Amino acid sequence: MVDAVTLSKSFGSNEVLKSISLQVQRGEVMCVIGPSGSGKSTFLRCINHLERIDAGRLYVDGQLVGYRQKGDKLYELKPSEAARQRRDIGMVFQHFNLFPHMTALENVVEAPIRVKGVSKSDALARGRELLARVGLAQQSGHYPSQLSGGQQQRVAIARALAMDPKLMLFDEPTSALDPELVGEVLDVMRGLAQTGMTMVVVTHEMGFAREVGDSVVFMDGGVVVEAGDPKEVLTNPQHQRTKAFLSKVL
Ligand code: ADP
Ligand code: MG
């Protein structure tokens, strides 16, 4: 589903991703861990067209991200073409970014109606179904300010799912939550993983990475230091940098 081949990205002279090569299989849950500033968010943002790639190739579901290849030459996609690619990717951020003036249900149905042209009645029916799936059937008419952080994040997940993505990206989805609200969001993500959704999850929740992740990737300084089975990497890390990081967070 995701194939990064010697992917590099710099901001000015700061090389943030240094020739990263990674693959995420269809149906796989990959957890990405690593210290602050290691390039985790930038990697997700490249997948989701929020950053332009400097070198290497990135494919999502077999399609080159952001470019069209003709012979040996690459042509940058037009914004409308890039937007079309992005529609199939759902992203959930640390800060939920819900529209404050819209109810939970309105937040969920906005993109399907406006971007995909789904009929209002179909979108509302699906939106109610998705809110029920994240445990918020009773809160569909609530505004974000009337919801807890955990509830807002579950609305954000339902909103991403409303576009029927083939890939879901999570960037520290529980880092802004009070500790007692983390579990309800992780439960929703666990349920989503069980449906076979392909997920890339940047997280500091090592328990989640171990139990739900099919693979874990440890990034540091813009490189993939170590990757593999979470049970192996988290309990028996091979690299000194991984050991040092885990000793601080576990
Ligand atoms: P992480 O998510 O692992 O904490 P990031 O991908 O957010 O790391 O950031 C990696 C590095 O890239 C940091 O040094 C950060 O300051 C830098 N960076 C991220 N986004 C930008 C940007 N838009 N402009 C300049 N530098 C950036
Ligand atoms: Mg980050």
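Computed from a prediction, not measured in an experiment: that's the story for all the values here.

### Re the overall build of the chain
Part 1 of the reasoning: The secondary structure content of the chain amounts to nine helices and 12 strands.
Part 2 of the reasoning: Taking 18 Å as the expected radius of gyration for a compact globule of 250 residues, we find that the chain reaches 18 Å, a close match to that expectation.
Part 3 of the reasoning: For the chain, with 250 residues in total, the buried portion stands at 50%.
Part 4 of the reasoning: Taking all contacts inside the chain whose residues are at least 6 apart in sequence as the whole, residues at least 24 apart take part in 63%.
Part 5 of the reasoning: With an accessible surface of roughly 11800 Å², the chain has 47% of that area assigned to carbon and sulfur atoms.
Part 6 of the reasoning: Within the chain, one finds 29 positive and 28 negative side-chain charges whose respective centroids are separated by 6 Å.

### Brief notes about the packing of helix α3 (residues 104-114) against helix α5 (residues 149-161)
Part 1 of the reasoning: Interhelical geometry of α3 versus α5 gives an angle of 25° and a closest axis separation of 8 Å. The angle between the axes of α3 and α5 places the two elements in the roughly parallel class. For the crossing formed where α3 meets α5, the hand is right-handed. Contacts between α3 and α5 involve Ala 104, Asn 107 and Val 108 from the first element and Val 155, Ala 158 and Arg 159 from the second.

### Examining the UniProt feature "domain: ABC transporter" (unreviewed entry) in the chain
Part 1 of the reasoning: Those residues carrying the UniProt feature "domain: ABC transporter" (unreviewed entry) are residues 2-246 in this numbering.
Part 2 of the reasoning: Annotation note: span residues 2-246, helix share 37%, strand share 28%, distance between end C-alpha atoms 26 Å.

### A closer look at the pattern of salt bridges
Part 1 of the reasoning: Counted by the stated rule, this structure contains 14 salt bridges.
Part 2 of the reasoning: Among the salt bridges present, the one from Arg 126 reaches Glu 129, with a minimum N-O distance of 3.8 Å. Linking Arg 126 with Glu 129, this pair stays in helix α4 (residues 120-133), spanning three residues, or about one helical turn.
Part 3 of the reasoning: For Arg 126, a relative accessible area of 25% puts it in the partly exposed group.
Part 4 of the reasoning: Owing to a relative accessible area of 52%, Glu 129 belongs among the exposed residues under this scheme.
Part 5 of the reasoning: Between Arg 241 and Asp 220 there is a salt bridge whose closest N-O contact spans 3.2 Å. With Arg 241 in helix α9 (residues 240-249) and Asp 220 in strand β11 (residues 215-220), the pair connects residues that are 21 residues apart, well separated along the chain.
Part 6 of the reasoning: Within this structure, Arg 26, Asp 61, Asp 88 and Lys 166 form a network of salt bridges that share partners.

### A look at the packing of aromatic side chains
Part 1 of the reasoning: One pass over the full model with this rule turns up one aromatic pair.
Part 2 of the reasoning: Directly above the ring of Phe 99 sits Arg 159, whose terminal nitrogen or CZ lies 5.6 Å from the centroid.

### A look at the sheet that holds strand β4 (residues 55-60)
Part 1 of the reasoning: Here four strands make up an open sheet; going across it, the order is β2-β1-β4-β5 and the pairing antiparallel. Edge positions in the sheet fall to β2 (14-24) and β5 (63-64), since each of these pairs with one other strand and no more.
Part 2 of the reasoning: Here strand β1 (residues 2-11) runs beside β4; their pairing, made up of five bridges, is antiparallel. Looking across to β4, one finds that Ala 4 is bridged to Leu 58.

### Re the site of ligand 1
Part 1 of the reasoning: Residues in close proximity to ligand 1 include Phe 11, Asn 14, Val 16, Pro 35, Ser 36, Gly 37, Ser 38, Gly 39, Lys 40, Ser 41 and Thr 42, which together make up its full environment.
Part 2 of the reasoning: Note that an oxygen atom of ligand 1 is positioned 3.4 Å from one of the side-chain N or O atoms of Asn 14.
Part 3 of the reasoning: One nitrogen or oxygen atom from the side chain of Lys 40 is found 2.8 Å from an oxygen atom belonging to ligand 1.
Part 4 of the reasoning: Secondary structure elements with two or more residues in the shell around ligand 1: β2 and α1 (40-47).
Part 5 of the reasoning: A total of three residues in the shell around ligand 1 trace back to one element, the largest contributor, which is α1.

### Some thoughts on the pairing of strand β10 (residues 198-202)
Part 1 of the reasoning: With five of five residues buried, β10 is to be regarded as a mostly interior element.
Part 2 of the reasoning: Every second residue of β10 is oriented toward a common face, with Thr 198, Val 200 and Val 202 on one face and Met 199 and Val 201 on the other, all of them buried.
Part 3 of the reasoning: Inspection of the sheet shows strand β3 (residues 29-33) paired to β10 by four bridges, in the parallel sense. From the neighbouring strand, Val 32 faces β10, where its bridge partner is Val 202.
Part 4 of the reasoning: Of the pairings in the sheet, the one linking strand β9 (residues 167-171) to β10 comprises five bridges and is parallel in character. Across the sheet, the residue bridging to Phe 170 is Val 201, located in β10.

Criteria and thresholds
- Residues numbered from 1 in each chain as written.
- Chains lettered and ligands numbered in written order.
- Predicted model: local features only at pLDDT ≥ 70, side-chain atom pairs only at ≥ 80, totals over all residues.
- Heavy atoms only, no water.
- Helix = DSSP H or I, 4+ residues; strand = E, 2+ residues; numbered from the N terminus.
- Rg over C-alpha atoms; globule rule 2.2 N^0.38 Å.
- Buried < 20%, exposed > 50% of the residue type's maximum accessible area, 1.4 Å probe, protein only.
- Contact = heavy atoms within 4.5 Å.
- Areas by Shrake-Rupley, 256 points an atom, 1.4 Å probe, with all protein chains shown as cover.
- Lys, Arg positive; Asp, Glu negative; His and termini not counted.
- Charge placed at Lys NZ, Arg CZ, Asp CG, Glu CD.
- Axes fitted to C-alpha atoms, helices over the stretch in contact; angles between N-to-C directions.
- Parallel < 35°, antiparallel > 145°, perpendicular 65-115°, else oblique.
- Left-handed = near helix turned anticlockwise from the far one by under 90°.
- UniProt positions renumbered as here; feature names shortened; annotations may be inferred.
- Salt bridge = Lys/Arg side-chain N within 4 Å of Asp/Glu carboxyl O.
- Phe/Tyr/Trp six-rings, centres within 6.5 Å; stacked < 30°, edge-to-face > 60°.
- Lys NZ or Arg CZ within 6 Å of the ring centre and 35° of its normal.
- Pairing = 2+ DSSP bridges.
- Near = heavy atom within 4 Å.
- Polar contact = N/O pair within 3.5 Å; in protein donor to acceptor, adjacent residues only side chain to side chain.

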